[in-house]
Amino acid sequence: MSTTDKPARRRLGPVRRGRALTLAAAATTLALGLAACSGGPASTNAVEGGKGKTIEATMAFTLSSGFDPANASSAVATAVNQHIFEALVDLDPITREPYLALAKADPVASADGLTYTVSLRDGAKFSDGSPVTAEDVAWSFTRVLKPADPAAPPLMQGFIPFIEAVTAKDATTAEFTLKYPFALFAERISVVKIVPKAKTGDAAAAKAFDTAPIGSGPFKMDSASKESGIKLSRNDTYNGPRPATADAMSWNTTTEAAARVSDLQGGRVQAIESVPYLNVDSLRGKYTVDVKQAFNQVFLMFNTQAAPFNDKRVRQALHYAIDKDAVIKTALNGYGSPATSYLDEGNKDYQKAATVYDYNLDKAKALLAEAGVSNLSIQLDTTDSSIVKDVAPLVVEQWKKIGVNASLNTVPSAAIYGDVVPKDTFRVLMATGDPSVFGVDTDLLMRWFYYGETWPGKRYRWSDADRKAMAALLDQAAQTSDEAARKALWKQALDKVADEVPLYPILHTKVVTAYDPGKLTGFSGAATTGLYFLGASRNG
């Protein structure tokens, strides 16, 4: 049951100059469970019990996307990918510190910081037995940097704008050419997982790969579906620093908090994520319960091109009208904190925003009056995550105090982002989000929601001027070698999103994970969405 019983780490040396990663806050992509009572039905996926070498677990989300790591962002896919893929340098999912994965040694920088060379681990293979080559590395980055369809850039593209090109110097050495020196090079290249070029070289192959991924990590994926969950098994070709210490894994996937608790208490699984906050005390004792402050946020997102939300005063008013302390006490049982910045207060680089949305009904009413808005009726679209389903009704009730009436439309995340948000009728969304599964530095976290096309352009429809201004701030900060100057530029970016609130957190949550210490060794809960079993073993 130890949280310190971790496999030996291949260390990074000079590559970690710049900024060390924190133990950090974090919590991905989507949501936390929040049911008021334990018991209830078990999850519907079929979990095979009784296998001494099989780890069984229940995730808090259903499968809603593919697994191609260039685009995968769903909670289930990112957790799976951490086990089946490798980057040259990976971030430990628990400590958030970098370690050498496919890289044989620390990346070597040129004197001017514009070129890096990376050598591959000897004998590295994909799970199909084919060797991992520098050509695969170059291809994995090139397909992100220069996709076949420039109008549909991969999600990972926004995290590596400092890279100009990647080439294979020889079979086992990759060379990176940078546009400008970037102090976080080693940590940041962790966002691009290495895939076989032979399996992803054209559109048809990439489409097939998205549902049947092949990586070089310690596990391989055997099957995945909403009905039967996720099945993984040991990758016998793996020769890296974190070999699988279990023969197989079987994961349930369910958004039903009571089902997750029932799975654990009924012995169907050894670990669950997103423990309902009201179940924490009752589970302690027999189970180990990890509680960790997270970046994970419940946010509001607006269609900034549609009246009346094209006026930032209306967006601000809805934030001022929320009694966040009351919401956290009632919906989260105290397991959260009001947002005072885009970053959570546990982040090493936290800076309080110039605009903080303390509960202020008079301010909210005044802003609506200034904007000429009264008797506003809206549809509040929400994802179906447990925490949002508990928070949203409280917020709707509070908005009534400023004359805003909202009806709830709750649908799965895939439908929200695939159907609801793209339509011209979309106005306001409440959801959860957590890019910290990819890293915890300010540059990365801000680029997820405020850089590129996916969120600013297609989802909250930020103006060209605002998007360009934000991109300029982030790019300038990324090119700044002086840490104090970089932090000052980040402060400008944090203040801008706090003032404009096109997408902005109401609160940051705490992540609660529970597991059976008598049946699981070497496991620890993460401060991010997902369950991670690198180094974990099944007992009994």
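What comes next concerns the included structure.

Here is what the cut-offs are and how they apply
- Residues numbered from 1 in each chain as written.
- Predicted model: local features only at pLDDT ≥ 70, side-chain atom pairs only at ≥ 80, totals over all residues.
- Heavy atoms only, no water.
- Buried < 20%, exposed > 50% of the residue type's maximum accessible area, 1.4 Å probe, protein only.
- Helix = DSSP H or I, 4+ residues; strand = E, 2+ residues; numbered from the N terminus.
- Pairing = 2+ DSSP bridges.
- Salt bridge = Lys/Arg side-chain N within 4 Å of Asp/Glu carboxyl O.
- Contact = heavy atoms within 4.5 Å.
- Phe/Tyr/Trp six-rings, centres within 6.5 Å; stacked < 30°, edge-to-face > 60°.
- Lys NZ or Arg CZ within 6 Å of the ring centre and 35° of its normal.
- Axes fitted to C-alpha atoms, helices over the stretch in contact; angles between N-to-C directions.
- Parallel < 35°, antiparallel > 145°, perpendicular 65-115°, else oblique.
- Left-handed = near helix turned anticlockwise from the far one by under 90°.
- 1 Å grid on protein atoms, 1.4 Å probe; cavity = no way out; pocket = protein on both sides within 12 Å on 5 of 7 lines; lining within 4 Å.
- Points joined across faces, edges and corners; volume = space filled by probe spheres on them.
- Nonpolar A, V, L, I, M, F, W, Y, C, P; charged D, E, K, R; others polar.
- Lys, Arg positive; Asp, Glu negative; His and termini not counted.
- Polar contact = N/O pair within 3.5 Å; in protein donor to acceptor, adjacent residues only side chain to side chain.

Let's shift gears to the pairing of strand S1 (residues 54–59). Most of S1 sits out of view: six of its six residues are buried. Here S1 shows a buried face lined by Thr 54, Glu 56 and Thr 58 and a second buried face lined by Ile 55, Ala 57 and Met 59. When S1 meets strand S10 (residues 248–253), the two strands line up parallel, connected through six bridges. Looking across to S10, one finds that Thr 54 is bridged to Ala 248. The pairing of S1 with strand S11 (residues 271–272) spans two bridges and is parallel.

A separate point is the pattern of salt bridges. Two side chains with opposite charge may pair up if their charged atoms get near one another. With the rule as written, the count across this model stands at 23 salt bridges. When the shortest N-O distance is used, the salt bridge between Glu 135 and Lys 197 registers 3.3 Å. Of this pair, Glu 135 sits in helix H2 (residues 134–145) while Lys 197 sits in helix H4 (residues 197–200), placing them 62 residues apart in sequence. The exposure class of Glu 135 is partly exposed, given its relative accessible area of 39%. A salt bridge links Asp 466 to Lys 496; its shortest N-O distance comes to 2.8 Å. With Asp 466 in helix H15 (residues 464–478) and Lys 496 in helix H16 (residues 483–500), this residue pair connects regions lying 30 residues apart in the sequence. Accessibility assignment for this pair places Asp 466 and Lys 496 in one class, buried. Connected through salt bridges with shared partners, the residues Arg 188, Asp 441, Asp 443, Arg 447 and Asp 475 form a single ionic network.

Along the chain, Ala 536 falls in the loop between strand S18 (520–521) and strand S19 (537–538). In this structure, the C-alpha to C-alpha distance between Ala 536 and Gln 265, residues 271 residues apart in sequence, is 20 Å. Residue contacts for Ala 536: discarding those within four places in its chain leaves Ile 55, Thr 245, Ala 246, Thr 521, Gly 522 and Phe 523.

It is worth spelling out the environment of Ser 190 at this point. Position of Ser 190 among the secondary structure elements: in the loop between helix H3 (185–188) and H4. Taking relative accessible area as the criterion, Ser 190 reaches 5% and is therefore assigned buried. Considered as a pair, Ser 190 and Pro 502 are 312 residues apart in the sequence and their alpha carbons are 29 Å apart. If we skip the residues at most four places from it in the chain, Ser 190 touches Ala 87, Val 89, Asp 90, Leu 91 and Phe 438.

As a further point, take the packing of aromatic side chains. A complete count under the given rule lists 27 aromatic pairs for this structure. For the pair Phe 159 and Trp 448, a centre-to-centre distance of 5.7 Å together with 25 degrees between the ring planes defines the contact as stacked. Linking Phe 159 in the loop between H2 and strand S6 (163–170) with Trp 448 in helix H13 (residues 442–450), this pair joins segments that are 289 residues apart in sequence. Here Phe 159 and Trp 448 have matching classes, each one buried. Lying across the ring of Tyr 451, Arg 447 places its NZ or CZ 4.3 Å from the centre.

A word on the sheet that holds S6. Judged by pairing direction, the sheet is antiparallel, and its four strands sit side by side in the order S4-S5-S7-S6 without closing on themselves. Every interior strand has two partners, whereas the edge strands, strand S4 (108–109) and S6, have only one. Pairing between S4 and strand S5 (residues 115–119): two bridges, direction antiparallel. Following the sheet pairing, Val 108 is matched in S5 by Thr 117. Here H2 sits on the sheet in contact with S6 and strand S7 (173–178), set at roughly 165 degrees to S6.

Where burial is concerned, most of helix H1 (residues 75–84) is hidden: ten out of the ten residues are buried. Looking only at H1, the buried set comprises Ala 75, Val 76, Ala 77, Thr 78, Ala 79, Val 80, Asn 81, Gln 82, His 83 and Ile 84. Those residues of H1 that are buried lie in contact with S1, strand S2 (89–91), strand S8 (219–225), strand S9 (229–234) and S10.

A few words on the pairing of S5. On any regular strand, side chains alternate: one points to one face of the sheet, the next to the other face. On S5, burial follows the alternation: Tyr 116 and Val 118 on one face are buried, whereas Thr 115, Thr 117 and Ser 119 on the facing-out side are not. The turn joining S4 and S5, which pair antiparallel and follow one another in sequence, is formed by five residues; a positive phi near 75 degrees is taken by Gly 113. Of the strand pairs in this sheet, S5 and S7 are connected by five bridges, and their pairing is antiparallel. Residue pairing in the sheet places Val 118 in a bridge with Ala 174 of S7.

Relative orientation of the contacting elements H15 and H16 amounts to 160 degrees, with a least axis distance of 8 Å. Classified by the interaxial angle, the pair formed by H15 and H16 is roughly antiparallel. Considering how the two elements wind past one another, H15 and H16 form a crossing that is left-handed. Within the contact between the two elements, H15 uses Asp 466, Ala 469, Met 470, Leu 473, Leu 474, Gln 476 and Ala 477 and H16 uses Arg 486, Leu 489, Trp 490, Gln 492, Ala 493, Lys 496, Val 497 and Glu 500.

Turning our eyes to something else, we now look at empty space enclosed by the protein. For the structure on display, the rule yields seven cavities of 30 Å³ or more. Counted as a void, the largest cavity has a volume near 200 Å³. In terms of lining, the largest cavity is formed by 15 residues, of which the most central are Gln 82, Ser 190, Lys 193, Val 437 and Phe 438. No other element matches H1, which puts three residues into the lining of the largest cavity. Across the lining of the largest cavity, the residue classes break down as eight nonpolar, four polar and three charged.

Bringing the side chain of Arg 461 into the picture now. The topology assignment puts Arg 461 in the loop between helix H14 (454–459) and H15. No salt bridge forms around the buried Arg 461; measuring N to O, its nearest opposite-charge neighbour Asp 424 is 4.7 Å away. Polar side-chain contacts of Arg 461 include one of 2.8 Å to the backbone oxygen of Val 421. Setting aside residues up to four positions removed in sequence, Arg 461 forms contacts with Asn 303, Thr 304, Gln 305, Val 421, Pro 422, Lys 423, Asp 424, Phe 426, Trp 455 and Pro 456.

Vacant regions in the atomic arrangement are exposed by a probe of water-molecule size rolled over the atoms. Its boundaries defined by the atoms lining it, the largest pocket holds a volume of some 1,000 Å³. For the lining of the largest pocket, the elements supplying multiple residues, two or more each, are H2, helix H5 (203–211), helix H12 (413–420), strand S16 (428–433), H13 and H14. Looking at the lining of the largest pocket residue by residue, the classes come out as 18 nonpolar, 14 polar and ten charged.

Attention now moves to unusual backbone geometry. Look at the link from Ala 307 to Pro 308: it is a cis peptide, with omega at 0 degrees. In this model, Arg 96 sits at a positive phi of 70 degrees, which is unusual for a non-glycine residue. Along the chain, Arg 96 turns up in the loop between S2 and strand S3 (98–100). Assessed through its relative accessible area of 3%, Arg 96 is described here as buried. Positioned with a positive phi, Val 501 is a non-glycine residue whose angle comes to about 40 degrees.

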